[in-house]
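Residue-level listing of the chains:
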Amino acid sequence: GAISPFLEPGTRTKADSLAIVHLSRDNLLPVILQESKGEVDGYAEGSVINTRFGSFPHTTLINQPWGAQVRASIVDTGSRGRKRKIQEQETAPDDSEGAGSTTTPGQATPKGLETASSGFVHILPPTPEVWTTSLPHRTQVVYTPDYSYILHRIRARPGMRIIESGSGSGSFTHASVRAVYNGYPKSDDDARGKVYSFEFNEDRYQKMAEEVEAHGLKDLVKVSQRDVYNGGFLVDGKSPEAECVFLDLPAPWKALPHLSRSKPAGVEQDTPWISPLRSDRTVHLCTFSPCIEQVTKTVEVMRQLGWMEIEMVEVCHKRINVMRERVGLNMPTDRGSNLSPYDVGEAVQRLKEVESKSKEFHERNQGGENGDADVDMDDAPEAQKSNGTPSKSVNESKAPVASASAKPFMMGRLIHRTEPEIKTHTSYLVFAVLPQEWTEEQEAAAFAKWPCGQ
Ligand code: SAM
């Protein structure tokens with residue numbers, strides 16, 4: 001099958017493949033790009049993305065290098081009399097009518113009329129991180145700070161097999177398939193890293209199955225509809241042979257008995273017991289629960305079932321904003337008027353610099369019209385230097401000019417602001433390890449090889 005753009009995006013956008021339209025930092029739009037479906041009335045018929053930055057026919061987004069900036073197009077607004085209107089636009093190319101938010105998806109893209117309009121977007125390859133921020137939410141999801149830590153702790157690596165339940169909105173699924181991806185289709189099926197995802201809700205299962213197909217992941221992610229508390233984790237009666245497990249379920253302790261090496265008491269099964277876990281490797285597991293009561297029950301059952309190295313962790317993610325702040329005596333109000341000696345020293349240094357530049361500027365201009373209080377003293381002398389002649393007009397010299405000798409404090413002092421509080425508690429992560437199976441024969445053989453074994 002097609003290789004997923006999440007795993008091998010290539011260098012350019014493709015038709016029938018997922019791309020992320022970046023409108024702004026917090027506004028990302030996932031889109032499957034569609035080629036024009038032919039012509040209607042002499043115009044290419046195709047899908048159009050309408051945003052407040054303008055209209056973007058899919059045809060203008062296909063075969064673009066990833067990261068490209070794409071300008072909005074002028075798109076026809078009417079279904080009838082389209083030709084006449086476009087002809088009018090052709091004779092008046094500056095007329096911006098038709099661009100903007102007046103069109104609806106699916107309207108015609110007039111051929112040759114994809115001229116620049118007001119706004120632009122960037123087109124980005126899909127990654128689990130951007131997918132997590134742009135995906136359609138069907139449930140609570142696991143976010144990047146949590147899943148990056150979880151995948152590291154459960155030792156998810158290329159070629160491994162992960163059991164995940166429930167699938168929910170597929171946020172964790174996308175991150176985990178990237179972690180285990182080992183170069184499909186070069187490797188054979190048995191050696192392929194895979195995600196076995198189990199979801200009990202019919203609707204969410206259907207949506208997940210559709211997404212997995214649309215994202216080119218169906219050979220790497222197997223979604224099953226199942227109540228794992230009762231049905232366990234086998235797929236078509238076979239073991240996924242998983243080495244990593246992630247449970248994001250309301251009652252993980254009810255699923256744990258199915259994740260044993262041998263049939264635990266209380267699990268009904270007529271056929272011989274098949275463990276979903278790989279027997280010759282240590283299995284790493286994580287459960288994700290918002291309440292401490294859920295953690296207590298989970299840990300209790302983990303202990304009964306032989307899980308070891310049980311540990312609970314909470315990821316407290318804090319955003320730190322790093323920026324430059326202009327230093328002056330008029331400090332921003334949120335910092336109050338309590339200037340530290342450091343601030344005052346810096347402000348005085350800056351004032352001295354400004355004063356000397358101002359003096360130099362006044363001398364060169366011999367007192368002309370430059371008494372204007374609006375002049376930016378930092379910039380004026382530089383502006384003069386750049387055009388070689390002293391400026392008579394203050395306004396002419398106001399444009400800021402980058403200077404290689406600009407001192408860092410002129411660009412502002414480097415500061416950071418930390419979010420005052422952690423806004424949300426996501427969940428408690430419980431990690432545990434199930435050691436590899438160790439038979440009496442293996443024990444005896446290992447003991448015999450050991451130099452001090454006799
Ligand atoms: N980890 C997912 C993500 O990152 O998008 C979100 C999972 S969501 C919080 C929990 C999911 O578990 C729900 O979709 C729910 O339907 C499913 N679920 C609850 N009980 C289940 C069960 N017994 N078997 C399988 N899935 C179950």
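Thresholds, definitions, all that
Residues numbered from 1 in each chain as written. Predicted model: local features only at pLDDT ≥ 70, side-chain atom pairs only at ≥ 80, totals over all residues. Heavy atoms only, no water. Helix = DSSP H or I, 4+ residues; strand = E, 2+ residues; numbered from the N terminus. Buried < 20%, exposed > 50% of the residue type's maximum accessible area, 1.4 Å probe, protein only. Polar contact = N/O pair within 3.5 Å; in protein donor to acceptor, adjacent residues only side chain to side chain. Contact = heavy atoms within 4.5 Å. Pairing = 2+ DSSP bridges. Axes fitted to C-alpha atoms, helices over the stretch in contact; angles between N-to-C directions. Salt bridge = Lys/Arg side-chain N within 4 Å of Asp/Glu carboxyl O.

A. Structural detail: the side chain of T13. Inspection of the secondary structure puts T13 in the segment before β1 (18-24). Judged by relative accessible area, which is 2%, T13 ranks as buried. In terms of polar contacts, T13 uses its side chain to reach the backbone carbonyl oxygen of L61, at 2.7 Å. In this structure the side chain of T13 is engaged in a polar contact, spanning 2.8 Å, whose partner is the backbone nitrogen of N63. In contact with T13, not counting residues within four places along its chain, are L33, L61, I62, N63, Q64, W66 and I123.

B. Region of the structure containing the sheet that holds β1. As summarised here, the arrangement of the four strands in space is β2-β1-β9-β7, forming an open sheet in which the pairing is antiparallel. Where the open sheet ends on each side, the last strands, each with one partner, are β2 (27-32) and β7 (69-71). The average angle at which neighbouring strand axes cross in this sheet is 35 degrees, direction not considered. As paired strands, β1 and β2 are joined by six bridges and run antiparallel to one another. Paired with A19 across the strands is V31, a residue of β2.

C. Representation of the pattern of salt bridges in the model. For the structure on display, the rule yields seven salt bridges. Between E211 and R138 there is a salt bridge, with the nearest N and O atoms lying 3.0 Å from each other. With E211 in helix α5 (residues 202-214) and R138 in the loop between α2 (128-134) and α3 (144-153), this pair connects stretches of sequence that are 73 residues apart. In this structure, the salt-bridge partner of R281 is E243, at a minimum N-O distance of 2.4 Å. Of this pair, R281 sits in the loop between α7 (252-255) and β14 (283-289) while E243 is found in the loop between α6 (228-231) and β13 (244-247), placing the two residues 38 residues apart along the sequence. One network of salt bridges, with partners in common, ties together E243, R278, D280 and R281.

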